[in-house]
Amino acid sequence: MILGVCAAGVGYWLGQRSPATHTQRTAVATAANATGSTAATASASAGHPAAPAADAAETPATGRLPLAEIKAKLLELKGHGAFGLSFEEQRAWLKAMIDLDPADIPELLDFTRRQLPRSLSSGLQLQLLSHWADREVHKAMAYAKALASREDRELGITIVARAWARQDPKAAADWVRQLPKGRLRAQGLSSVIDGMAARDPAAAFELAESLGGSSFRNDFLQPIFKQWATQDPAAAAAKALGLKSREARSRAFEAISSEWVGRDPQGAMRWARSLPTGSDQTDVLMSLLREWAENDVPAALAAVKQLPEGPEKQRAMTSVGSSWSRQDPIAALDYATSLPAGADRAQLLSVVLRGWSGNHPEAAVNYIQNLPPGVERNMLLESVIQTVAELAPQEAARLGALMSPSSLESSIGWISSMLARTDPQTAMEWLKTLPDGEARRSALLSAGNHLAAADPGAAAEFANQLPAGQARDEFVSNVAANWGHADAAAALVWAEKLPEGQAKENALNLVSSHWAHEDPEAVIAYAQKLPPGGQQSSFMLNSARQWAERDPTAAQAAMQVMPEGASKDSFVEGLVSGMAQNDPASAASYVATLPEGKAQNSAAVSVIREWTSTDPVAASQWAAGFKGEARQQALDTVIQGWSRNDPQASAVWLAGLPEDTAKQGAIQNYLNRLSVEYPQHAATLVTGLTDEAQRTTAIQNIAKRWLLTDPVAAARWLNTTPLPKDQIQQMLKNGKQ
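These numbers come from a predicted model, not from an experiment.

A. Fine view of helix H36 (residues 566–582). In this model H36 runs 26 Å from its N-terminal to its C-terminal C-alpha over 17 residues, within 8% of the 24 Å that 1.5 Å per residue would give. Taken across its 17 residues, H36 has 13 buried, putting it largely inside the fold.

Pasting the structure below:
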């Protein structure tokens with residue numbers, strides 16, 4: 001993947017720069033007007049964004065590094081990555097990237113893709129594309145849209161859309177909204193709202209509200225209200241109070257609290273106390289006090305002492321204690337131990353020790369070890385073990401020896417995971433000392449990925465020494481996944497020597513997937529020598545999918561000379577799945593040329609699955625034409641992919657299909673998936689169920705949820721259903737309780 005979401009290497013410290021370092025454009029023109037060229041006009045008509053007007057006052061940066069020198073220095077980082085740079089070296093590199101001539105960015109993007117390892121290039125390419133979009137959004141979008149891999153292409157488009165929204169939010173939003181409904185449109189809107197929030201949070205909120213879908217909309221609330229609170233906290237708070245969902249209000253209030261308390265803690269507290277009494281007010285108070293204590297513990301503590309006695313005051317004290325423990329753990333600990341024995345003292349001690357262990361794990365561990373055995377020490381052990389494991393895993397292992405077997409079982413995963421990250425050899429030696437049981441299995445599962453990534457050969461040898469069982473099988477899979485990514489050939493040699501069984505089968509499947517990405521033809525040659533069965537089919541499918549993404553013509557030619565059989569059927573399924581990644585319409589046309597039968601049906605479903613994510617309307621039209629046994633699976637595949645992104649449009653499409661058993665099954669599929677989250681859309685389909693028992697159950701399920709969120713609309717709909725009147729009245733009565 002060209003533009004993988006990775007913050008490693010140069011991408012990490014480039015990511016620290018603010019978008020404000022770039023010249024912001026205040027005018028937007030079409031690509032044709034900005035360039036005056038026929039090519040630009042064609043680009044705009046093909047769906048590219050309008051180009052920001054050139055800033056005549058902008059002059060080339062002085063002290064700019066030559067492109068050749070930047071390339072040379074990037075190559076020097078291949079061995080150790082950017083984490084080995086000093087702070088001043090990082091700043092120098094950051095300046096070089098910011099000063100980069102936009103005309104040089106395409107060449108540097110191609111250079112990083114070809115010459116740098118993925119761990120170093122991925123984050124860098126993200127930042128380069130974003131930097132380019134800040135300067136020349138239409139050219140950056142054209143580059144992103146031309147990327148070969150669908151995953152890279154969609155990620156690139158969303159990055160450019162975010163930069164565009166910082167320049168002209170309305171134009172960016174209008175452009176993204178004209179995209180076909182599906183994954184790309186959803187990702188693009190997310191990026192636009194993110195960029196828009198920094199400039200006009202009220203408009204960003206209105207756009208998010210217009211999209212529908214509570215889970216999708218709620219994802220934007222915190223960034224929107226955080227930006228809004230920096231500009232007008234009172235207006236942001238008023239808007240947040242009007243949100244119907246408690247989850248939505250909670251996210252918005254938390255974002256507002258974190259900003260408001262830093263500017264005006266007393267004003268923020270007055271706002272919190274003015275909220276209606278209940279869980280919203282309590283949550284806001286806790287958030288405010290926690291943030292306030294980060295800057296001024298005495299003031300926050302004084303505010304807590306003014307609260308009336310009760311659970312709210314106890315929670316507030318705990319919230320302040322968490323911040324206090326990080327700033328002055330001894331004073332916080334003295335205060336906690338001065339409280340009378342009981343749940344309040346134990347809870348505050350737990351919070352203080354967690355904060356203390358985050359900065360001084362050895363001191364916190366010594367304190368706990370010196371406590372007398374008992375309930376309080378056991379509780380404190382459980383409360384700090386995760387924090388200690390992250391910072392000092394050897395100390396956490398020492399604490400583990402004090403814990404009861406049941407408590408250790410829930411914490412051992414953290415210890416083994418962190419120990420494996422920092423000292424793989426010690427981790428393997430420690431794992432050998434653990435007794436058989438669920439705790440050991442949990443430890444092996446948690447440590448597997450880290451051990452395999454650090455030294456796959458040593459991890460493989462360790463796996464060979466483990467006793468047979470589920471824990472070993474899971475550990476073997478972790479080794480295969482990591483080693484296969486780093487060195488597929490060596491991992492394959494190891495996997496082939498494993499004892500016959502599920503562990504070997506899983507390992508070979510995982511290795512084949514990575515190997516197919518590097519050399520699909522070699523995987524096919526290897527697979528054809530395997531005995532018929534699931535292993536051979538898995539190898540054929542993985543290799544065909546990877547090959548078709550890169551060179552569908554060559555993959556199709558290879559398929560033509562294969563002997564008929566299960567392995568060829570698997571290859572065909574992988575082939576069309578890979579083709580559909582980049583061009584689902586062409587993949588659909590290719591499927592139509594295949595002989596009728598099971599292989600064609602499986603291939604068709606693969607195309608529908610990919611196509612629905614990018615163009616559900618086209619995919620649904622194609623699926624609706626299916627006949628026979630493949631029709632049910634085709635309709636279900638469309639609904640599974642389309643209904644979550646656009647429940648209304650998918651319901652309308654489904655209702656308009658001709659009546660048959662496949663439609664009935666698809667309706668039931670829709671209702672099972674969406675009756676809880678979108679009862680208003682599910683209600684439009686329920687009367688289409690011909691089975692009376694299924695229809696009655698579906699009506700009851702929809703009404704139960706809908707009456708909680710919109711009782712008026714739900715009651716109006718219920719009275720139009722064929723349910724008996726007494727049953728409807730009982731459901732309405734239950735809904736009011």
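More follows now that the structure is in view.
B. Fine view of the packing of helix H33 (residues 520–527) against helix H34 (residues 534–550). As a packed pair, H33 and H34 sit with axes 9 Å apart at the nearest point and diverge in direction by 160°. Relative to H34, H33 is oriented roughly antiparallel. Note that H33 runs across H34; the crossing there is left-handed. For the pair H33 and H34, the contacting residues are Pro 520, Glu 521, Val 523, Ile 524, Tyr 526 and Ala 527 in the first and Gln 536, Phe 539, Met 540, Ser 543, Trp 547 and Arg 550 in the second.

C. Region of interest: the pattern of salt bridges. In the structure shown here, the tally under the stated rule is 18 salt bridges. A salt bridge links Glu 154 to Arg 150; the nearest nitrogen and oxygen atoms lie 3.9 Å apart. Of this pair, Glu 154 and Arg 150 both sit in helix H9 (residues 150–167), four residues apart, which is roughly one turn of the helix. The exposure classification of Glu 154 matches that of Arg 150, with both residues buried. The residue Arg 162 makes a salt bridge to Asp 194 at a minimum N-O spacing of 2.8 Å. Placement of the pair is Arg 162 in helix H9 and Asp 194 in helix H11 (residues 183–197), with a sequence separation of 32 residues. The exposure class assigned to Arg 162 is partly exposed, which follows from its relative accessible area of 28%. Of the residues examined, Asp 194 reaches a relative accessible area of 35% and is grouped as partly exposed. What you see here is one network of salt bridges that share partners, running through Arg 150, Glu 154 and Glu 610.

D. Structural view of the environment of Ala 544. Along the chain, Ala 544 turns up in helix H34. The exposure class of Ala 544 is buried, given its relative accessible area of 0%. When near neighbours in sequence (up to four residues on either side) are disregarded, Ala 544 contacts Phe 571, Gly 574 and Leu 575.

The rules behind each value
Residues numbered from 1 in each chain as written. Predicted model: local features only at pLDDT ≥ 70, side-chain atom pairs only at ≥ 80, totals over all residues. Heavy atoms only, no water. Helix = DSSP H or I, 4+ residues; strand = E, 2+ residues; numbered from the N terminus. Expected span 1.5 Å × (residues − 1). Buried < 20%, exposed > 50% of the residue type's maximum accessible area, 1.4 Å probe, protein only. Axes fitted to C-alpha atoms, helices over the stretch in contact; angles between N-to-C directions. Parallel < 35°, antiparallel > 145°, perpendicular 65-115°, else oblique. Left-handed = near helix turned anticlockwise from the far one by under 90°. Contact = heavy atoms within 4.5 Å. Salt bridge = Lys/Arg side-chain N within 4 Å of Asp/Glu carboxyl O.

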